[in-house]
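Notes for the structure review
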Amino acid sequence: MAIKFGRPIEIRDPSTRPAAPPLDLTIRPRRNRKTEWARRLVRENVLTTDDLIWPMFVVDGTNQRVQVASMPGVERLSVDQIVRDAERAAKLDIPCIALFPFTEPSLRDEHGTEAANPENLICKTVRAIKKEFPQIGVLCDVALDPYTSHGHDGLIEDGRILNDETVAVLVQQSLVQAQAGCDVIAPSDMMDGRIGAIREALDAAGYLDVQIMAYAAKYASAFYGPFRDAIGSAKALTGDKRTYQMDPANTDEAIREVELDLAEGADMVMVKPGMPYLDIVRRVKETFGVPTFAYQVSGEYAMIAAAANNGWLDGDRAMMESLLAFKRAGANGVLTYFAPAAAEKLRQQG
Ligand SMILES: NCc1[nH]cc(CCC(=O)O)c1CC(=O)O
Ligand SMILES: [Mg+2]
């Protein structure tokens, strides 16, 4: 009996093989899986580095790399360090990075004022990256939660999240980001009408080429927990986001949300979270045929990383399989904290 990797791979003694008459099968799907070359030949989807967007967390200071406890392997970086990681992204051929700030608690207030400060951490980071690596795509999240003392994405009055008043602030936030050199504005707030308002303001200010990737179908999800640790809004957050983020029970509603954001001028749309919502990715792609992205969010990353660190699953294989699943569902790309590790892996594979 041949032993490979500790497991028997063939039984040579015919007397131990159970007797069975051959099945009368014309079609045997296993023929196409019999060897590596055959599997390569019939493979329907591939993951490449072109599919990756790498989300990063920025923190004030210099020479800072602070581990995020609930996201093993992910750090908050000061601007100088983010520039180094942007260089790493460029060298790995990752087309685009996404930036999220950890805002000092003293700069957070009820109105999220810091969001529209042209000198805020995000704007400084964008300028620093663009100065050194103008060829890499930079995506900026638009929402107030990193800047509000209450951790919500919008302004609050009497316990209600105000829509139109919030949109006015998001427009200002988008303009300072565009002015700093951001390539893609990505509103993640789920207010109604914000895509149209932002597009109009960008155009009026001459930022005709700044793209919008709308977090169009964003669900009120438990999988954002580690992200809220990373940006420091977890402790602050009062209540939940169910009056603006979508009910996980719904799918028709996602189609309606995407339709509206496209009509308002979104260049690309996103579904979020990722793995539990691949049905939505598929439906959006088939319905609209537009550039469609998925966000493999912090909690999805944490689950795989934690299980891998415990030796409960093969982390690399689970990572690559999860990313390929987005492609199979129809996504054009994935925002994923695995981006650098996946890009390294793809490079090794040649
Ligand atoms: N509006 C902020 C925002 N932008 C991206 C994420 C989550 C990303 C992740 O979990 O990785 C969130 C959190 C939230 O809506 O509470
Ligand atoms: Mg909407």
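Residues numbered from 1 in each chain as written. Chains lettered and ligands numbered in written order. Predicted model: local features only at pLDDT ≥ 70, side-chain atom pairs only at ≥ 80, totals over all residues. Heavy atoms only, no water.

Filter applied, for reference: UniProt positions are given in the numbering used here, feature names are shortened, and annotations may be inferred rather than shown by experiment.
The name given to the protein in an unreviewed UniProt entry is Delta-aminolevulinic acid dehydratase, and the organism recorded there is Rhodopseudomonas palustris. In UniProt, the protein has this text filed under Pathway (unreviewed entry): "Porphyrin-containing compound metabolism; protoporphyrin-IX biosynthesis; coproporphyrinogen-III from 5-aminolevulinate: step 1/4."

**Points about a positive patch on the surface**
The criterion, for reference: Residues enter a patch when their relative accessible area is above 30% and they make no salt bridge; the linking distance is 9 Å between like charges and 5 Å between nonpolar side chains (Val, Leu, Ile, Met, Phe, Trp, Tyr). Every accessible area reported is derived by Shrake-Rupley at a probe size of 1.4 Å, with residue values counting cover from the shown protein chains alone. Salt bridge criterion: a side-chain nitrogen from Lys or Arg within 4 Å of a carboxyl oxygen from Asp or Glu. In summary, the charge assignment counts Lys and Arg as positive and Asp and Glu as negative, without counting His or the chain termini. Working definition for charges: the position is that of NZ of Lys, CZ of Arg, CG of Asp or CD of Glu. Numbering of helices and strands runs from the N terminus, with a helix taken as a DSSP run of H or I at least four residues long and a strand as a DSSP run of E at least two residues long.
On the surface, Arg28, Arg30, Arg31, Arg33 and Lys34 cluster together into a positively charged patch. Residue placement: Arg33 occurs in the loop between β2 (7-8) and α1 (36-42).

**As for the site of ligand 1**
What counts is decided by this rule: The criterion for a residue being near a molecule or strand is simple. One of its heavy atoms has to lie within 4 Å of it. Throughout this description, a polar contact denotes any pair of N or O atoms lying within 3.5 Å of each other; where both atoms belong to protein, one of them has to be capable of donating a hydrogen while the other can accept it, and for residues adjacent in sequence the pair is counted only when both atoms sit in side chains. Cavity means a closed set of points on a 1 Å grid over the protein atoms alone, one where a 1.4 Å probe fits but cannot get out, pocket means an open set with protein on both sides within 12 Å along at least 5 of 7 lines, and lining means a residue has an atom within 4 Å of a point. By definition, a pocket or cavity contains a molecule when more than half of the molecule's atoms lie within 2 Å of the pocket's grid points. Note on residue classes: Ala, Val, Leu, Ile, Met, Phe, Trp, Tyr, Cys and Pro are nonpolar, Asp, Glu, Lys and Arg are charged, and everything else, Gly too, is polar.
Neighbouring ligand 1 are 18 residues, the closest being Lys218, Lys241, Lys272, Ser298 and Tyr337. Here a nitrogen atom of ligand 1 sits 3.2 Å away from a polar atom, N or O, in the side chain of Asp145. Between ligand 1 and Lys241, the relevant distance is 2.7 Å, taken from an oxygen atom to a side-chain nitrogen or oxygen of the residue. Coverage of ligand 1 by the protein amounts to 100% of the 400 Å² it exposes when considered alone. Given that more than half its atoms are within 2 Å of the pocket grid, ligand 1 belongs to the largest cavity. Along the lines of polarity and charge, the residues of the shell around ligand 1 split into 8 nonpolar, 3 polar and 7 charged.

**So, helix α2 (residues 79-91)**
At 3.6 residues per turn, the α-helix brings residues three or four places apart onto the same side. Put simply, the rule reads: Here the expected length of a helix is defined as 1.5 Å per residue gap, with one fewer gap than residues. When accessible area is computed with a 1.4 Å probe and restricted to protein chains, residues below 20% of their type maximum are described as buried, those above 50% as exposed, and intermediate ones as partly exposed.
Along its 13 residues, α2 runs 18 Å from first to last C-alpha, staying within 8% of the 18 Å computed at 1.5 Å per residue. Along α2, the positions that sit buried rather than exposed are Val79, Gln81, Ile82, Val83, Asp85, Ala86 and Ala89. Downstream of α2 by a residue or two, Asp93 has a phi angle that is positive, lying close to 70 degrees.

**Topic: the layout of surface pockets**
Applicable threshold: Grid points are joined across faces, edges and corners, and a volume is the space filled by probe spheres set on the points.
In this model, the largest pocket occupies a volume close to 650 Å³. Elements that contribute at least two residues to the lining of the largest pocket include exactly α1, α10 (315-329) and α11 (339-349). A total of 5 residues in the lining of the largest pocket trace back to one element, the largest contributor, which is α10. Among the residues making up the lining of the largest pocket, the classes are represented as 5 nonpolar, 4 polar and 8 charged. What the second largest pocket holds in volume is close to 370 Å³. Breaking the lining of the second largest pocket down by element, the ones donating at least two residues are β3 (52-58), β5 (75-77), α2, α9 (298-309), α10 and α11. Considering each element in turn, the lining of the second largest pocket owes the most residues, 5 residues, to α9. Classifying every residue of the lining of the second largest pocket by side-chain character gives 16 nonpolar, 3 polar and 5 charged.

**Observations concerning a nonpolar patch on the surface**
Together, Trp37, Leu41 and Val42 line one region of the surface with nonpolar side chains, adding up to about 350 Å² of accessible area. Following the sequence through the fold, Trp37 ends up in helix α1. When its relative accessible area of 51% is taken as the criterion, Trp37 is described as exposed.

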